[in-house]
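Remarks on the overall topology
Here is what each chain is made of, one letter per residue.
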Amino acid sequence: MGLYGVSTAEQGHSGLGLEAQRAAVRAFVAAQGWALVAEYEDVASGKDDRRPGFQAALQRCRQLGAILVAARLDRITRRAHTLSQLLEDGVSIRAADMPGADDLMLRVYAAMAQKERELISERTRAALAAARARGRVLGGDRGYRPTAGPDAAAAARARREAAERAAHRLVLAVDRMRKDGITGKAALARVLNDRGVLPPAGRGAWTHTTVARVVCRSGE
């Protein structure tokens, strides 16, 4: 029985974390010579033992006497007491990243992982408390303001220069086609549209009028 999970909606939508877990579990199951009878997934923290996929997988394991397999132990649960209770209840659990681990090793690993998370949380709270004691502002608006507002004139100048460069490239393209014998403005418009060249506005289609404007830019 495969169980997969990610913590955030963004990870769930991307599917990348879930796909990697599926690949790991399927490879592990195949290496053991087992059959994967069903797969379940959750988009929720492994600390939440009420996850629907987790609960459905447990129910199916109990019905079939199947082994619950995840890519990592924390995808089953992050609570050491939950893992111990499942093992006490007769649920067989395995993690693909610890292929040789038995029930005792899983209990020890879960307990160590939970203790490490608790220590990290305690260190983080202590560091934040020390920072607040020093008068440091944490989170929110830290008072940063840009030294100067946006330069509208510079932005307009940049847009104008970009438009002039684009127009110059179009003039060169039209000149080359005219040298190749395509002289009529309607014919030039058709060729430009066929080639997927955008008109000066950057959208729409070429017409004899837009071609005439570009020809005027060339001084003819």
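Quick note: structure is the one above.
This report concerns the structure included in the present document. (Residues numbered from 1 in each chain as written. Predicted model: local features only at pLDDT ≥ 70, side-chain atom pairs only at ≥ 80, totals over all residues. Heavy atoms only, no water.)

**Quick word on the nonpolar core**
Taken as a class, soluble globular proteins show a tendency for nonpolar side chains to be buried jointly. Within the largest apolar cluster, 24 residues are counted, with the highest numbers of intra-cluster contacts made by Met1, Leu68, Leu73, Ile76 and Ile93. Sorting the residues of this core by element identifies α3 (52-64), β3 (67-70), α4 (80-88), β4 (92-95) and α5 (103-133) as the ones contributing at least two each. With residues near it in sequence (within four places) discarded, isoleucine 93 still touches Ile67, Leu68, Leu73, Ile76, Leu83, Leu86, Leu87 and Leu106. Formed by eleven residues, the second largest nonpolar core is a distinct cluster that contains Leu170, Val171, Val174 and Trp206. (Core = buried A, V, L, I, M, F, W, Y, C linked by side-chain atoms within 4.5 Å. Buried < 20%, exposed > 50% of the residue type's maximum accessible area, 1.4 Å probe, protein only. Helix = DSSP H or I, 4+ residues; strand = E, 2+ residues; numbered from the N terminus. Contact = heavy atoms within 4.5 Å.)

**Here we look at the packing of aromatic side chains**
Enumeration according to the criterion identifies one aromatic pair in this entry. A centroid spacing of 5.7 Å and a plane angle of 85° characterise the contact between phenylalanine 28 and tryptophan 34, whose relative ring orientation is edge-to-face. Here the guanidinium or amino end of arginine 51 rests over the ring plane of phenylalanine 54, the centre of that ring lying 4.5 Å away. (Phe/Tyr/Trp six-rings, centres within 6.5 Å; stacked < 30°, edge-to-face > 60°. Lys NZ or Arg CZ within 6 Å of the ring centre and 35° of its normal.)

**Some remarks on the pairing of β3**
Pairing of strand β1 (residues 2-6) with β3, which is carried by two bridges, proceeds in the parallel orientation. Within the sheet, the bridge partner assigned to leucine 3 lies in β3 and is alanine 70. Across four bridges, the pairing between β3 and β4 is parallel. Within β4, the residue paired with alanine 70 across the bridge is alanine 95. (Pairing = 2+ DSSP bridges.)

**Some words on α4**
The complete set of buried residues in α4 reads Ala80, Thr82, Leu83, Leu86 and Leu87. Projected onto a plane normal to the axis of α4, the buried residues spread over an arc of 165° and lie on a single side. Opposite its buried face, α4 presents the exposed residues His81 and Glu88, each directed more than 90 degrees away. Here the buried face of α4 lies against α3, β4 and α5. Where α4 terminates, the next one or two residues include glycine 90, which has phi positive at roughly 95°. (Arc of directions from axis to C-beta.)

**Some thoughts on the pairing of β1**
Extensive coverage of β1 is indicated by the burial of five of its five residues. Across the two faces of β1 the burial is the same, with Gly2, Tyr4 and Val6 and Leu3 and Gly5 all buried.

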